[in-house]
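Topology and contacts: notes
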Amino acid sequence: MTAIKNLTSIAEIYKTDKLEHGYLNTYEKYFERIRDQKLKILEIGIADGKSLLMWSDYFKNSTIIGIDIHKIDIQEKKLDRNNIKVHQGSQSDEKFIDEIINEYRDFDIIIDDGSHLKKDVIKSFHLLFPQLNNDGLYVVEDMQTSYNHFFGGNPFDLKFSNSHMNFFKNLTDRLNYQEIANPFYISHKYDAKITNVSFYHNLVFVRKGVNDKLSKEVLNHSYEDMKFNEKSSRFGKSTRYYFKYKVFYKIYTFFYMLLNMLKRLLLLRF
Ligand SMILES: C[S@@+](CC[C@H](N)C(=O)[O-])C[C@H]1O[C@@H](n2cnc3c(N)ncnc32)[C@H](O)[C@@H]1O
């Protein structure tokens with residue numbers, strides 16, 4: 001009986017650069033418990049096909065779909081296996097991605113190891129994240145490019161630039177969107193759809209799922225309305241609570257919001 005190989009041992013056979021990058025222990029942590037399932041796995045960026053071969057061995061019951069902007073010679077790269085599918089096109093070409101979606105419909109794991117340019121990383125996320133199944137994972141490799149202006153990153157303004165790292169950092173607020181005590185909050189398209197965002201050295205994992213638990217602190221993004229309802233249901237509606245929460249607290253929230261808008265305007269942060 002042959003022993004079941006772990007991901008690192010398989011990677012050593014094909015010599016994928018995911019080994020040097022040090023990604024494999026993290027991948028194994030996420031994938032070990034699901035490796036025998038029948039999954040649809042999409043990887044952006046094929047190159048020599050080394051990672052496709054690795055995934056094909058590791059996820060024996062799954063379909064591995066690879067896309068690359070360049071033509072890939074399937075025979076030469078030894079990718080002519082039943083569980084590997086290869087397509088040529090760009091990760092940020094809407095028409096091409098639509099064709100991929102029409103062919104495969106939905107995915108369980110999507111790995112972006114393509115151009116690593118900010119514009120492609122963010123656009124592919126917008127195009128493909130909706131096609132992930134619930135509990136599915138969207139992984140982006142080589143996030144070091146976000147600290148390099150030649151890839152559309154920004155090494156000089158780590159917090160407020162529109163780099164790809166900041167795009168993913170901002171997704172963490174989608175985990176807690178229901179807690180935001182801003183009565184003027186405008187909902188975001190990924191609110192309620194993300195259950196986890198994890199960062200590792202040069203790697204990001206985003207887990208899709210239903211995150212629609214109501215806040216215990218705010219009612220429709222208003223702390224003052226929640227407090228008013230809470231107090232009135234315990235002690236009865238009174239003018240005192242009305243003035244405290246519906247008038248005084250509301251005016252305070254409004255001015256605090258105006259102050260922050262002014263600050264953002266002065267600092268040119270939009
Ligand atoms: C780092 S290599 C992929 C390595 C492979 N995933 C592995 O681990 O063995 C990046 C690949 O992305 C491809 N690529 C670059 N820009 C792309 C784009 N816009 N859309 C799709 N693939 C792209 C390149 O042609 C190259 O083959």
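What counts, and at which threshold
Residues numbered from 1 in each chain as written. Predicted model: local features only at pLDDT ≥ 70, side-chain atom pairs only at ≥ 80, totals over all residues. Helix = DSSP H or I, 4+ residues; strand = E, 2+ residues; numbered from the N terminus. Rg over C-alpha atoms; globule rule 2.2 N^0.38 Å. Buried ≥ 20, exposed ≤ 12 C-beta atoms within 10 Å, placed from the backbone. Contact = placed C-beta atoms within 7 Å. Pairing = 2+ DSSP bridges. Right-handed = clockwise from strand over helix to strand, strands pointing away. Near = placed C-beta within 6 Å. Nonpolar A, V, L, I, M, F, W, Y, C, P; charged D, E, K, R; others polar. Axes fitted to C-alpha atoms, helices over the stretch in contact; angles between N-to-C directions. Expected span 1.5 Å × (residues − 1). Bend = angle between axes of the 7 residues up to and from the residue. Core = buried A, V, L, I, M, F, W, Y, C linked by C-beta atoms within 7 Å. Domains from an automatic or database assignment. Arc of directions from axis to C-beta. Parallel < 35°, antiparallel > 145°, perpendicular 65-115°, else oblique.

The number of helices and strands found in the protein is nine helices and seven strands. Whereas a compact globule of 270 residues would reach a radius of gyration of roughly 18 Å, the protein reaches 23 Å, over 25% beyond that. Residue burial in the protein is summarised as follows: out of 270 residues, 31% are buried. Taking the contacts inside the protein whose residues are at least 6 apart along the sequence as the reference set, 56% of them involve residues at least 24 apart.

Take the pairing of strand E1 (residues 40-44) next. Burial runs high along E1: five of the five residues are buried. Going residue by residue along E1, you find Lys40, Leu42 and Ile44 tucked away on one face and Ile41 and Glu43 tucked away on the opposite face as well. One ladder, built from five bridges, connects E1 with strand E2 (residues 63-68); its direction is parallel. Each residue of the ladder has a partner; that of Lys40, found in E2, is Thr63. In this view, the connection linking E1 to its parallel neighbour E2 by way of helix H4 (residues 50-58) has right-handed handedness.

Further remarks concern the site of the ligand. Around the ligand there are 21 residues in total, and Gly45, Ala47, Ser51, Gln91 and Ser115 lie nearest to it. Considering only residue class, the shell around the ligand consists of five nonpolar, nine polar and seven charged.

Within a sheet, each strand pairs with its neighbour through backbone hydrogen bonds, oriented either parallel or antiparallel. Spatially, the seven strands line up as an open sheet ordered E3-E2-E1-E4-E5-E7-E6, and their pairing is mixed. Of all the strands in the sheet, just strand E3 (84-88) and strand E6 (194-200) have a single pairing partner and so form its edges. Strand after strand, the sheet turns through a mean of 15° between neighbouring axes, direction not considered. Running at roughly 145° to E6, helix H7 (residues 164-175) makes contact with E6 and strand E7 (203-208) of the sheet.

Moving on to helix H9 (residues 239-266). Since the α-helix packs 3.6 residues into each turn, any two residues three or four apart lie on the same face. In this model H9 runs 39 Å from its N-terminal to its C-terminal C-alpha over 28 residues, within 8% of the 40 Å that 1.5 Å per residue would give. Taking the largest bend as the criterion, H9 deviates by roughly 30°, centred on Tyr249. Just past H9, the residue Leu268 takes up positive phi, approximately 55°.

In terms of nonpolar packing, the biggest core is built from 42 residues, with Ile41, Val139 and Val204 touching the most fellow members. The contacts of Ile41, once residues within four sequence positions are left out, are Trp55, Phe59, Ser62, Ile64, Ile65, Phe107, Asp108 and Ile109.

Attention now goes to the pairing of E6. Here E6 runs beside E7; their pairing, made up of six bridges, is antiparallel. Looking at the pairing, Val197 lines up with Val206 of E7. The antiparallel pairing of E6 with E7 creates a hairpin that spans two residues between the two strands, and Asn202 there sits at a positive phi of about 65°.

Turning our attention to the domain arrangement of the protein. Taken domain by domain, the protein comprises domain 1 (7-208) and domain 2 (223-266). Each of domain 1 and domain 2 has a C-alpha centre, and the two are 42 Å apart.

This part is about the environment of Asp93. One can find Asp93 in the loop between E3 and helix H5 (94-104). On a C-alpha basis, the gap between Asp93 and Lys231 in space is 54 Å, while along the polypeptide they are 138 residues apart.

On to H7. For H7, the complete set of buried residues consists of His164, Met165, Phe168 and Arg174. Buried residues of H7, viewed axially, fall in a sector of 145°; they line one side.

The next thing to look at is the packing of helix H8 (residues 223-235) against H9. Where H8 meets H9, the axes come as close as 9 Å, and the angle between the chain directions of the two elements is 170°. Judged by the angle between their axes, H8 and H9 are roughly antiparallel. Across the interface between the two elements, Glu224, Lys227, Phe228, Lys231 and Ser232 from H8 touch Tyr241, Tyr245, Lys246, Tyr249, Lys250 and Thr253 from H9. Across the contact of H8 with H9, the residue classes break down as four nonpolar, two polar and five charged.

The next subject is unusual backbone geometry. One non-glycine residue, Asp135, adopts positive backbone phi at about 80°. In this fold, Asp135 is placed in strand E5 (residues 132-140). Look at Asp135 and you get exposed, because 12 C-beta atoms sit within 10 Å. Residue Asp142 is not a glycine yet carries a positive backbone phi of 55°. When you line up the elements, Asp142 lands in the loop between E5 and H7.

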